[in-house]
Amino acid sequence: MQKNIVILISGGGSNMAAIVRAATRGRWAERFDARVAAVISNKPAAGGLQFAKDLGVVTAAVDHRGFAAREDFDAALSREIDQHAPALVVLAGFMRILTPGFVNHYAGRLINIHPSLLPAFPGLHTHRRALEAGCKVAGVTVHQVTTELDHGPILAQAVVPVLPDDDAATLAARVLTQEHRIYPHAIEGWLATR
Ligand code: GAR
């Protein structure tokens, strides 16, 4: 059965673009019977949405500001996602905390990328915190999503050096380059075992 991948974004979508490009370049349709079925954002103005359209991917927005309760937003988001009967839901810079009901609904088929070497620095401002802690290396983690924020079984990690002159922006850029490499790779690994 065709494996549909739905990618959730909140911003620029550079990881999403790396995944969409990898799907084409890596012939995911032929090799895994998989395709990126949709890109969905909680922010209608997310730059990544136009980017996805330009890449020929179906897009949608579910604006979280239209919902008073987190549960209601997650329910609406699920309805949008489930139209595509996803085998895999990929969080790619999706900056919303998800309810346990949502996470459990996609148990085993929900993955995230987080810009730190988990379990170090869950949450926000990872690069600034790594610099403040005096870390000599930093990195990125792809993991399965569980109900605990930025936890769950690790699928892939990449390490970068922290250089003496780094600030949060230069470190983030170095980490992002690795994100674009390991996220598609981790998804290929996931698809290969399904
Ligand atoms: C990425 O660095 C991603 O790891 C991070 O947001 C950025 C999104 O960039 N995600 C998180 O911080 C999740 N807690 P992108 O929109 O260009 O892919």
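Scroll up a little and you will see the structure.
Below is a summary of the structure that appears in this document. (Residues numbered from 1 in each chain as written. Predicted model: local features only at pLDDT ≥ 70, side-chain atom pairs only at ≥ 80, totals over all residues. Heavy atoms only, no water.)

1. A word on the sheet that holds strand β6 (residues 137–144)
Put simply, the test is: Only when DSSP finds a minimum of two bridges between them are two strands counted as paired. Where helices and strands are cited, they refer to DSSP runs of H or I of at least four residues and of E of at least two residues respectively, numbered from the N terminus. In this analysis an axis means a line fitted to C-alpha atoms, helices contributing only their contacting stretch, and an angle means the value between N-to-C directions, from 0 to 180 degrees.
The strand order across the open sheet built from seven strands is β3-β2-β1-β4-β5-β6-β7, with neighbouring strands paired in mixed fashion. Two strands lie at the open edges of the sheet, namely β3 (59–61) and β7 (154–161), each paired on one side alone. Neighbour to neighbour, the strand axes of the sheet diverge by 20° on average, direction disregarded. Relative to strand β4 (residues 86–91), strand β1 (residues 3–9) runs parallel, the two sharing five bridges. Paired with Val-6 across the two strands is Val-89, which belongs to β4.

2. A few points about the pattern of salt bridges
Heads up, the condition is: By salt bridge we mean one thing: a side-chain nitrogen of Lys or Arg within 4 Å of a carboxyl oxygen of Asp or Glu. The cut-offs for exposure are 20% and 50% of the maximum accessible area for each residue type, with area from a 1.4 Å probe on protein chains only; residues under the lower value are buried, those over the upper are exposed, and the others partly exposed.
Evaluated as defined, the whole model comprises four salt bridges. The partner of Asp-63 in a salt bridge is Arg-65, and the shortest N-O contact between them spans 2.8 Å. Overall, the relative accessible area of 22% leaves Asp-63 in the partly exposed class. Residue Asp-166 pairs with Arg-174 through a salt bridge whose shortest N-O separation is 2.7 Å. A relative accessible area of 14% means that Asp-166 is categorised as buried.

3. Topic: helix α4 (residues 70–82)
Note the cut-off: One less than the number of residues in a helix, times 1.5 Å, gives the span that helix is expected to have. Contacts are assigned to residue pairs with any non-hydrogen atoms lying within 4.5 Å of each other.
Relative to the 18 Å expected for 13 residues at 1.5 Å per residue, α4 spans 18 Å between its end C-alpha atoms, a close match to the ideal helical length. Where α4 is buried, its residues meet β1, β2 (34–41), β4 and α5 (100–105).

4. Brief notes about unusual backbone geometry
The linkage connecting Leu-118 with the following residue, Pro-119, adopts the cis geometry, with an omega of 15°. Mapped onto the elements of the fold, Pro-119 is located in the loop between β5 (110–114) and α6 (126–132). We note that His-125 has phi near 55°; this positive angle belongs to a residue other than glycine. Tracing the chain through its elements places His-125 in the loop between β5 and α6.

5. Structural notes on the pairing of β4
Note the threshold: Looking down the strands as they point away from you, a crossover is right-handed if its path from the first strand over the helix to the second goes clockwise.
Counting buried residues in β4 gives five out of six residues, a clear majority hidden from the surface. In this sheet, β5 lies alongside β4 in parallel orientation, the contact comprising three bridges. Counted as the bridge partner of Val-89 is Leu-110 from β5. Read from β4 through α5 to β5, the crossover connection turns out right-handed.

6. Structural notes on helix α7 (residues 168–192)
As a reminder of what qualifies: Bend angle per residue: angle between axes fitted to the 7 residues ending at that residue and the 7 residues starting there. Under this definition, polar contacts are N or O atom pairs within 3.5 Å; protein pairs additionally need one hydrogen-donor-capable and one acceptor-capable atom, and for neighbouring residues in sequence, both atoms have to be side-chain atoms.
With 25 residues, α7 should reach 36 Å at 1.5 Å per residue; the first-to-last C-alpha distance of 35 Å fits that figure. The axis of α7 is deflected most strongly, by about 25°, at Glu-179. Regarding α7, the residues found buried are Leu-171, Val-175, Gln-178, Glu-179, Ile-182, Tyr-183, Pro-184, Ala-186, Ile-187, Trp-190 and Leu-191. Sitting at the amino-terminal end of α7 is Asp-167, which places a side-chain oxygen 3.1 Å from the backbone nitrogen of Ala-169.

7. As for the site of the ligand
Inclusion rule: Any residue with a non-hydrogen atom lying within 4 Å of a molecule or strand is treated as near it. To measure how exposed things are, a 1.4 Å probe is used in the Shrake-Rupley method; for residues, cover is taken only from the protein chains shown.
Looking at the ligand, the residues that line it are Gly-12, Gly-13, Ser-14, Asn-15, Gly-93, Met-95, Ile-113, His-114, Pro-115, Leu-176 and Glu-179. Take Asn-15: an N or O atom from its main chain is 2.9 Å from an oxygen atom of the ligand. In isolation the ligand has 450 Å² of accessible area, and contact with the protein removes 80% of it. Every element with two or more residues in the shell around the ligand is listed here: α1 (14–25), β5 and α7.

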